[in-house]
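# A structural walkthrough
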Amino acid sequence: MKSSEAEFLAIAAYESSVREVMTAPKPGLVDAEGSGCHDDMDCALFLKSARAIAPFWARQARAGLEGTPPELVMERLRSTGVEMERAMAQATGGVNTHKGLVYLMSLLLYGAGFALFSGAPRSAEAAAQFAALAVRGVVERELGALLAEPPRRALTNGERLYVEHGVTGVRGEAERGFPSALRAGLPALRRALAGGASFNDAGLAALLQIMLVCEDSNVMHRAGFEYWSGEYLTLTAAALRGFRAPSWNRAPLYELERKFMERRVSPGGAADLLSCTYFLHIFSS
């Protein structure tokens, strides 16, 4: 039974990564229509990368299905994650296509597997809850210490954003139980589907909702914290108002893409969370 469950979860993770890159038009991002703000990536490269890391997803799911306690699982997930990043780099020639997704999806696969192991409801909430338990305290351990004793080395982009602005990024998203996917992306996806939208357009609605709430360090790194906290959110909210039932007019998305191209803005964090949203939808449907 665990073998079939692991296969199901792995296929769901792979499908979600493919659906994300094929969803179009995603402003500033690689998709089936173009490369957005990226000169070193295209849709074919993302598909190649998704295929390269696909064989590892079942291993991450089995960590949960076999009942590995949350407080002990990260070493196991990280070990496989290192292999996945190596496979990704080999497939892409060193281009970082899915590093953030490897972290987030590995946690959700564990959470979904542990939910099935423990007899919890087969729900998005249960998967996110158990995923969060695996990284409980990670923000304080990995980022909080920077405030007490700054390292002598140069800070990474994520560390700098935390020290200067309190941004917890992908770590905070995971530790808080994936709120951007669970409480923004997933409801938007399901509302749009219920309203007659195609899966593609429902995914775009979900992406815009995620963009409004997630701390996207990709945007902050490319355009600055002030841009993310101001103009970026204003532009995204305007695009979302224009992209709605019943017409699902994509013109606001192309306009948003044009504005993002001026600043080379790419909401890559939101894109990873769209993949997570797709996974949670598949798992709990």
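For the structure itself, consult the block above.
Residues numbered from 1 in each chain as written. Predicted model: local features only at pLDDT ≥ 70, side-chain atom pairs only at ≥ 80, totals over all residues. Heavy atoms only, no water.

## Some thoughts on the packing of aromatic side chains
The criterion, for reference: The pairing test for Phe, Tyr and Trp rings, Trp by its six-membered ring, is centres within 6.5 Å, and the orientation test on the planes gives stacked under 30 degrees, edge-to-face over 60, and tilted for anything in between. The helix and strand labels rest on DSSP assignments: H or I over at least four residues marks a helix, E over at least two residues marks a strand, and numbering proceeds from the N terminus. Type-normalised accessible area, obtained with a 1.4 Å probe on protein chains alone, sets the label of each residue: buried when under 20%, exposed when over 50%, and partly exposed for intermediate values.
Within this structure, the stated rule accounts for nine aromatic pairs. Consider the rings of Tyr110 and Phe114, whose centres lie 5.7 Å apart with planes at 35 degrees: the pair is tilted. Of this pair, Tyr110 and Phe114 both sit in helix α5 (residues 99–118), four residues apart, which is roughly one turn of the helix. Relative to Tyr278, the ring of Phe199 has its centre 5.4 Å away and its plane inclined at 40 degrees; by these criteria the two rings are tilted. Within this pair, whereas Phe199 is found in helix α11 (residues 199–213), its partner Tyr278 is found in helix α15 (residues 268–284), the two being separated by 79 residues in sequence. Relative accessible area serves as the criterion here: at 23%, Phe199 is assigned to the partly exposed category. Given a relative accessible area of 0%, Tyr278 falls into the buried group. Among the aromatic residues, those joined into a cluster by ring pairs are Tyr110, Phe114, Phe117 and Phe130.

## Side note on the environment of Phe56
Using the following cut-off: By definition, residues are in contact when any of their heavy atoms lie within 4.5 Å.
Locating Phe56 in the fold gives a position in the loop between α2 (43–53) and α3 (57–65). For Phe56, a relative accessible area of 14% translates into the label buried. When the C-alpha atoms of Phe56 and Gly81 are compared, they prove to be 8.3 Å apart, with 25 residues separating the residues in sequence. Contacts of Phe56, omitting those with residues within four sequence positions, involve Thr80, Glu83, Met84 and Ala87.

It is worth stressing that arrangement in space is one thing and function is another; only the former is reported here.
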